[in-house]
Amino acid sequence: MRTPQPSRRTVLAGTAAAAALTALPALGTPAHAAEAPTADADPTTPGDITYRWRNAVIGGTGFVTGVLFHPARQGLAYARTDIGGAYRWDDRKARWTPLTDHIGWDDWNLLGVEAIAIDPAHPDRLYLALGTYAQSWAGNGAILRSDDRGATWTRTDLTVKLGANEDGRGAGERLLVDPRDSDTLWLGTRHDGLLRSTDRGATWAAVTGFPAAPSGSGQGVTLLVAAGRAVYAGWGDGDGTSANLFRTTDGTTWEAVPGRPTGTSAKVPIRAAYDRHTRELYVTYADAPGPNGQSDGSVHKLRTTNGKWTEITPVKPGGTTADGGTDSFGYGGVAVDARRPGTVVVSTNNRWADIDTVYRSTNGGRTWTSLKDSAVFDVSETPYLKWGADKPKFGWWIQALALDPYDSGHLVYGTGATLYGTRDLKHWAPQIRGLEETAVRQLISPPVGEAHLISGLGDIGTMYHERLTASPSRGMASNPVFGSATGLAQASAKPSYVVRTGWGDHGNGAYSRDGGRSWAPFEAQPDIAKSAPGPIATNADGSALLWSFVHWDGTKYPAHRSADNGATWTEVPSFPKGATPVADPADPTHFYAYDTDTGTLYASTDSGRSFTARATGLPSGDSQFKLVAAPGRSGDLWLSVKWNGLYRSTDGGAAFSKLDSCWASYTLGFGKAAAGADYPAIYQVGSTETITAVYRSDDGARTWTRINDDAHQWGWTGEVIVGDPRVYGRVYLATNGRGIQYGEPV
């Protein structure tokens with residue numbers, strides 16, 4: 001689903017790079033442990049509390065950028081995502097097992113998977129190339145290698161950067177085990193050419209003599225594929241006339257493949273697959289790396305025995321759609337049937353007008369059938385895939401495409417939100433259990449009602465979670481449907497009243513009078529709301545709303561207030577621009593806002609009509625500093641200011657005291673108090689010693705106990721954390737690519 005605003009998967013470049021520096025934690029020194037545990041390891045927790053961590057089920061929700069079936073082990077497959085790690089398919093349980101949840105706070109940039117490699121001769125071996133961004137502000141990439149299918153890992157830090165969440169992330173694979181020697185691996189990089197390892201990924205060196213010259217801003221190597229004993233490498237920085245496909249037959253000498261296709265439609269090789277029966281290499285092309293920005297493309301095959309190229313493009317882009325538009329798109333995924341010579345599937349990509357499809361040929365590409373035309377979908381397990389409509393789309397951003405080598409009817413393809421699978425090439429359903437990739441923005445745990453959780457999410461709006469173990473039955477909140485949510489708030493004294501804001505084409509704010517089950521749009525909204533929807537707050541009784549506005553590039557605008565449920569709005573000049581409004585949970589006349597530019601706490605005592613400065617001189621300069629109010633109390637405020645520590649005010653922000661029980665606090669929330677305690681349980685992502693982790697305090701933050709473990713870290717987790725007000729010990733944690741994690745004491 002396209003939305004007009006940048007999403008969490010937008011590549012950060014140019015003016016957005018500065019914003020990215022504050023949108024993610026500062027890079028720390030990566031850990032260099034020889035063996036890194038994963039979710040398969042024993043989940044022992046420091047201290048005297050053991051927690052069980054699980055995903056609140058939604059199902060997918062992110063861009064699946066690659067899928068690989070193992071050619072020598074039936075039922076074994078792997079998937080990679082742009083920001084949410086890698087997974088192994090458990091055929092017996094019919095679900096995905098996350099393999100990279102052990103990646104910690106300091107290594108957040110490694111949660112994006114640039115490429116996967118499997119060893120056909122050694123089924124237990126697995127390799128991952130990690131690195132989310134190749135920008136100057138991001139850390140270097142790393143290689144993880146495993147001898148037990150990802151249960152444990154050995155890590156090698158690279159001296160180059162990788163870009164799993166940048167343009168071209170659906171191309172590949174960029175990592176390959178050499179078909180002649182299992183100890184040799186090849187790694188294609190974006191800006192540093194081709195690398196090779198001769199010791200199974202322990203050390204790497206640049207390949208001298210590789211014909212293409214890397215640049216600091218290009219795509220570099222887009223794919224590596226074995227064709228018999230030869231290795232082919234795609235190059236993404238050509239102009240449509242220069243060489244963009246190279247090969248080596250001896251592992252030493254590289255040459256441009258002669259006779260290759262040229263022109264705009266064959267500018268960038270996206271993916272390739274080799275039919276060992278016919279000895280033909282199939283290659284998909286586009287005029288840009290994708291997943292966005294493609295308007296032309298083609299499909300070609302090379303008979304490797306004689307060097308003959310044949311164009312086999314199913315449908316050439318550029319035709320006219322039924323409504324008179326232009327049918328522009330590129331080609332993405334490609335896979336061959338290991339059991340049926342000449343059977344191949346390819347996908348279109350970025351085909352927004354006529355909707356993407358998968359084409360299948362049983363005669364080497366002479367004729368094609370569009371599988372979309374006969375597709376029957378069942379998305380009852382993940383209803384949000386209807387996107388507020390009557391039925392789901394076939395897909396978008398289809399670049400991951402794989403055929404089961406043991407079952408010709410088992411075809412899977414990734415989209416920008418899920419992974420669809422079929423066993424008969426007609427009936428499709430999400431094959432997504434266990435794979436959760438949401439970037440989470442807001443969380444509320446209501447004190448009453450059916451749902452214990454309401455979430456605001458990147459790309460997929462707001463959801464009402466009736467159960468934590470099943471995808472929300474209502475799907476995405478509609479009327480209106482949002483892309484990315486920007487605000488979510490509940491009236492503390494009137495929990496049936498909930499408001500939300502976000503990016504959308506049919507309004508940017510909505511309210512609910514039944515606790516979030518159903519919604520209606522605000523009758524009106526400020527003009528700025530469409531281009532800069534920001535966070536929103538409702539006071540304790542739901543009689544006043546405060547809506548703040550921040551453009552995606554960081555530009556801040558005056559907040560607006562409504563006292564009639566969004567029918568009319570009035571600017572609040574005294575509210576600090578761009579700040580997040582916080583309602584007092586006990587007094588409906590009080591609102592608060594923390595100005596992160598100046599380190600000043602502002603308060604309102606007239607239901608948000610005006611604000612005055614109170615405490616000053618607090619930490620400033622970071623828009624991710626967070627202010628929260630303790631439930632059931634008036635004026636009890638907590639301020640998380642990252643490595644500046646944790647502050648508290650008990651007088652409505654007139655004065656703050658710094659707590660000495662932790663040296664860093666990134667996000668903080670509250671839950672049901674422990675038995676006999678007189679203060680709510682406090683949860684935070686912060687640091688009490690050397691590592692950043694998830695903590696709980698049952699004594700008003702005097703002491704903290706870590707409640708996650710080394711196998712459950714999920715990269716960056718600094719956005720939001722909330723406890724359950726009805727279940728002591730249960731906590732909900734937002735991740736940036738691994739969905740909503742919730743933990744409970746064992």
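Residues numbered from 1 in each chain as written. Predicted model: local features only at pLDDT ≥ 70, side-chain atom pairs only at ≥ 80, totals over all residues. Heavy atoms only, no water.

Colleague: Lay out the confidence of the model for the chain in plain terms, naming residues and giving numbers.
Modeller: In the predicted model, the chain carries a mean pLDDT of 93, and 94% of its residues have values of at least 70. When the criterion is pLDDT under 50, residues 1-47 qualifies, and its contacts beyond four places in sequence or with other chains add up to 111 contacts. (pLDDT = per-residue confidence, 0-100. Contact = heavy atoms within 4.5 Å.)

Colleague: Help me get a handle on the sheet that holds strand E5 (residues 86-90), residues and values and all.
Modeller: The sheet built from 4 strands is open, its strands ordered E3-E4-E5-E6 with antiparallel pairing. Only two strands of the sheet have a single partner each, and these edge strands are strand E3 (64-69) and strand E6 (95-98). Between one strand and the next, the sheet's axes are offset by a mean angle of 25°, whatever the strand orientation. Bridge analysis of strand E4 (residues 77-81) against E5 gives 3 bridges, and the strand direction is antiparallel. (Pairing = 2+ DSSP bridges. Helix = DSSP H or I, 4+ residues; strand = E, 2+ residues; numbered from the N terminus. Axes fitted to C-alpha atoms, helices over the stretch in contact; angles between N-to-C directions.)

Colleague: I'd like a description of the pairing of strand E41 (residues 533-538), backed by residues and values.
Modeller: The element E41 is largely enclosed, with a buried count of 6 among its 6 residues. Note that E41 and strand E42 (residues 545-550) share 4 bridges and pair antiparallel. Pairing of Ala537 across the sheet is with Leu546, part of E42. Adjacent in sequence and paired antiparallel, E41 and E42 are bridged by 6 residues, among which Gly542 carries a positive phi angle near 75°. (Buried < 20%, exposed > 50% of the residue type's maximum accessible area, 1.4 Å probe, protein only.)

Colleague: So, the sheet that holds strand E50 (residues 637-640): which residues are in play, and what are the values?
Modeller: Read from one edge to the other, the open sheet built from 4 strands follows the order E49-E50-E51-E52, with strand pairing classed as antiparallel. Both edges of this open sheet fall to strand E49 (626-629) and strand E52 (657-658), since each of them pairs with a single strand only. As paired strands, E49 and E50 are joined by 4 bridges and run antiparallel to one another. Along E50, the bridge assignment pairs Ala629 with Leu637.

Colleague: Can you explain the side chain of Gln624? Please cite residues and give values.
Modeller: Looking at the element boundaries, Gln624 is found in the loop between strand E48 (612-613) and E49. Here the side chain of Gln624 touches Lys642 through a polar contact of 2.8 Å, side chain to side chain. (Polar contact = N/O pair within 3.5 Å; in protein donor to acceptor, adjacent residues only side chain to side chain.)

Colleague: So what about the layout of surface pockets? Which residues, and what values?
Modeller: What the second largest pocket holds in volume is close to 1200 Å³. Along its surface, the second largest pocket is lined by 44 residues, and Phe69, Pro71, Val225, Ala226 and Tyr274 are the ones closest to its centre. When contributions to the lining of the second largest pocket are tallied by element, the ones reaching two or more residues are E3, strand E7 (113-118), strand E11 (175-177), strand E15 (221-227), strand E19 (268-275), strand E25 (330-336) and strand E30 (401-403). Residues that form the lining of the second largest pocket fall into these classes: 30 nonpolar, 4 polar and 10 charged. (1 Å grid on protein atoms, 1.4 Å probe; cavity = no way out; pocket = protein on both sides within 12 Å on 5 of 7 lines; lining within 4 Å. Points joined across faces, edges and corners; volume = space filled by probe spheres on them. Nonpolar A, V, L, I, M, F, W, Y, C, P; charged D, E, K, R; others polar.)

Colleague: With reference to specific residues and values, describe unusual backbone geometry.
Modeller: Gly172 connects to Glu173 through a cis peptide bond whose omega is 5°. Tracing the sequence through the fold places Glu173 in the loop between strand E10 (152-157) and E11. Omega for the peptide link from Asn479 to Pro480 comes to 0°, which places this bond in the cis form. The topology assignment puts Pro480 in the loop between strand E36 (461-465) and strand E37 (485-491). One non-glycine residue with positive phi stands out, namely Ala94, at about 55°. Topologically, Ala94 is positioned in the loop between E5 and E6. Judged by its relative accessible area of 31%, Ala94 is partly exposed. With a phi close to 55°, Trp387 is a non-glycine residue in the positive phi region.

Colleague: An account of the nonpolar core is needed here, citing residue identities and associated values.
Modeller: Membership of the largest hydrophobic core comes to 38 residues, with the highest contact counts inside it found for Val358, Tyr384, Leu411, Tyr413, Leu443, Ile460 and Ile740. Secondary-structure elements contributing two or more residues to this core are E30, strand E31 (411-414), strand E34 (440-444), strand E35 (453-457), strand E58 (731-734) and strand E59 (740-745). Residues contacting Tyr413, with those up to four places away along its chain left out, are Val358, Phe377, Phe394, Ile398, Ala400, Leu401, Thr418, Leu419, Tyr420 and Trp428. In terms of nonpolar packing, the next biggest core, distinct from the first, is built from 20 residues, Tyr51, Trp108, Tyr133 and Trp716 among them. (Core = buried A, V, L, I, M, F, W, Y, C linked by side-chain atoms within 4.5 Å.)

Colleague: Go over the pattern of salt bridges, please, and point to the residues and values.
Modeller: This model, assessed by the stated rule, comprises 27 salt bridges. A salt bridge links Asp597 to Lys556; the shortest N-O distance between them is 3.0 Å. Of this pair, Asp597 sits in the loop between strand E46 (591-595) and strand E47 (600-604) while Lys556 is found in strand E43 (residues 556-562), placing the two residues 41 residues apart along the sequence. Linked by salt bridges that have partners in common, Arg54, Asp724, Arg730 and Glu744 make up one network. (Salt bridge = Lys/Arg side-chain N within 4 Å of Asp/Glu carboxyl O.)

Colleague: Account for empty space enclosed by the protein, with residues named and values stated.
Modeller: As enumerated under the stated definition, the model contains 2 cavities of 30 Å³ or more in all. Roughly 50 Å³ of internal volume is contained in the second largest cavity. Lining the second largest cavity we find Trp105, Val685, Thr692, Ala693, Val694, Asn708, Gln713, Trp714, Gly715 and Thr717. For the lining of the second largest cavity, the class distribution of residues is 5 nonpolar, 5 polar and no charged.

Colleague: For the pairing of E43, give the residues involved together with the corresponding values.
Modeller: Of all 7 residues making up E43, 5 are buried, and the element is well covered by its neighbours. In this structure, E42 lies alongside E43, joined through 5 bridges in antiparallel fashion. Residue pairing across strands places Leu545 opposite Ser562, the latter belonging to E43. Hairpin connection, E42 to E43: the antiparallel pair is bridged by 5 residues, and Gly554 has positive phi, about 100°.

Colleague: Which residues make up the environment of Gly170, and what values go with them?
Modeller: By secondary structure assignment, the location of Gly170 is in the loop between E10 and E11. The spatial distance from the C-alpha of Gly170 to the C-alpha of Gly66 is 6.7 Å, given a sequence separation of 104 residues. The residues contacting Gly170, other than those within four sequence positions of it, are Phe63, Thr65, Arg80, Arg271 and Gln399.

Colleague: Please give an account of the environment of Gly251 that cites residues and values.
Modeller: The topology assignment puts Gly251 in the loop between strand E17 (245-248) and strand E18 (255-256). The exposure class assigned to Gly251 is buried, which follows from its relative accessible area of 11%. Note: C-alpha distance between Gly251 and Leu403 (152 residues apart in sequence) is 28 Å. If we skip the residues at most four places from it in the chain, Gly251 touches Arg180, Trp186 and Arg196.

Colleague: How would you sum up the side chain of Asp636? Please name residues and give values.
Modeller: Relative to the assigned elements, Asp636 resides in the loop between E49 and E50. Note on Asp636: relative accessible area 5%, which makes it buried. A distance of 3.3 Å separates the side chain of Asp636 from the side chain of Trp638, its partner in a polar contact. In terms of polar contacts, Asp636 uses its side chain to reach the side chain of Tyr679, at 2.6 Å. Discounting residues that sit within four places of it in the chain, Asp636 has contacts with Val628, Ala629, Ala630, Arg648, Ser649, Thr650 and Tyr679.

Colleague: Tell me about the environment of Arg561, residues and numbers included.
Modeller: Take Arg561: it is sitting in strand E43. Sequence separation of Arg561 and Gly608 is 47 residues, and the distance between their C-alpha atoms is 7.0 Å. Dropping the residues within four chain positions of it, Arg561 is found in contact with Ala544, Leu545, Leu546, Thr568, Trp569, Thr570, Val572, Asp606, Ser607, Gly608 and Arg609. Within the structure, the side chain of Arg561 is placed 2.7 Å from the backbone oxygen of Ser607, a separation counted as a polar contact.

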